[in-house]
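# Close look at the chain arrangement
The lines below spell out each chain.
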Amino acid sequence: QVQLVESGGGLVQAGGSLRLSCAASGRTFSSYNMGWFRQAPGKEREFVAAISWSGGRTYYADSVKGRFTISRDNAKNTVYLQMNSLKPEDTAVYYCAANPTGWIYDLRKYDYWGQGTQVTVSS
């Protein structure tokens, strides 16, 4: 069992930056691939970024590549999402999730989800 709690969301102007954190409970955190997803009003939840259990591999949606960076600290049971050059279209609720499989882009493979944190980017 893994419990996830996101933090770091807020209101920022276009071009600004935010750093999201996701704190995990449970001793098995380091065995999970971790992902960030987001959901805007009226839209489906979409993949944003993911990182392998070791941190050695990272994956990004095309829409955030070059602007967002995912990282993790297994000693602190925490995964991060550094978001730079934010755009109004990045506005959404951001969720972190834990995935025991290698199907990184498929949200159905993520077993555990946080409650989400709101990110709002004003123009």
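Keep in mind that this is a model prediction, so the values were computed, not measured.

## Notes on the overall build of the protein chain
- A count of helical and extended segments in the protein chain gives 0 helices and 11 strands.
- Element order for the protein chain, N to C, with α for helix and β for strand: β-β-β-β-β-β-β-β-β-β-β.
- In terms of overall size, the protein chain behaves like a compact globule, its C-alpha atoms giving a radius of gyration of 13 Å where 123 residues would be expected to give roughly 14 Å.
- When its C-alpha atoms are laid out on the principal axes, the protein chain stretches across 40 × 25 × 25 Å.

## Some words on unusual backbone geometry
- Phi at N77 is positive, roughly 55°, even though this residue is not glycine.
- For N77, the position within the fold is in the loop between β7 (68-73) and β8 (78-83).

## A look at the sheet that holds strand β1 (residues 3-7)
- If you trace the 4 strands from one edge of the open sheet to the other, you get β1-β3-β8-β7, paired in antiparallel fashion. What marks the edges here is a single partner per strand, and that holds for β1 and β7. Adjacent strand axes in the sheet meet at a mean angle of 15°, parallel and antiparallel pairs treated alike.
- Relative to β8, strand β3 (residues 18-25) runs antiparallel, the two sharing 6 bridges. The residue bridging A23 from the neighbouring strand is T78, located in β8.

## Things to note about the environment of K109
- Residue position: K109 is located in the loop between β9 (92-99) and β10 (112-113).
- If sequence neighbours within four positions are ignored, K109 has contacts with A98, N99, P100, T101 and W103.

## Considering the side chain of R38
- Mapping R38 onto the fold places it in strand β4 (residues 33-39).
- Take R38: its relative accessible area is 5%, and that puts it in the buried class.
- Within the structure, R38 has its side chain in polar contact with the side chain of Y94 (distance 2.9 Å).
- Residues within four places of R38 in sequence aside, it is in contact with E44, R45, E46, V48, S63, V64, F68, E89, D90, A92, V93 and Y94.

## Focus: the nonpolar core
- By size, the foremost hydrophobic cluster in this structure holds 37 residues, and its most contacted members are L4, M34, W36, L81, M83 and Y94.
- Elements represented by at least two residues in this core include exactly β3, β4, β5 (46-51), β6 (58-60), β7, β8, β9 and β11 (117-122).
- Setting aside residues up to four positions removed in sequence, M34 forms contacts with L4, C22, F29, A49, A50, I51, I70, R72, V79, A97, A98 and Y110.

## Examining the environment of S71
- Here S71 shows up in strand β7.
- What makes S71 partly exposed here is its relative accessible area of 30%.
- It is 6.8 Å that separates the C-alpha atoms of S71 and G55, two residues lying 16 residues apart in sequence.
- Residues within four places of S71 in sequence aside, it is in contact with I51, V79 and Y80.

Definitions and limits used
- Residues numbered from 1 in each chain as written.
- Predicted model: local features only at pLDDT ≥ 70, side-chain atom pairs only at ≥ 80, totals over all residues.
- Heavy atoms only, no water.
- Helix = DSSP H or I, 4+ residues; strand = E, 2+ residues; numbered from the N terminus.
- Rg over C-alpha atoms; globule rule 2.2 N^0.38 Å.
- Pairing = 2+ DSSP bridges.
- Axes fitted to C-alpha atoms, helices over the stretch in contact; angles between N-to-C directions.
- Contact = heavy atoms within 4.5 Å.
- Buried < 20%, exposed > 50% of the residue type's maximum accessible area, 1.4 Å probe, protein only.
- Polar contact = N/O pair within 3.5 Å; in protein donor to acceptor, adjacent residues only side chain to side chain.
- Core = buried A, V, L, I, M, F, W, Y, C linked by side-chain atoms within 4.5 Å.

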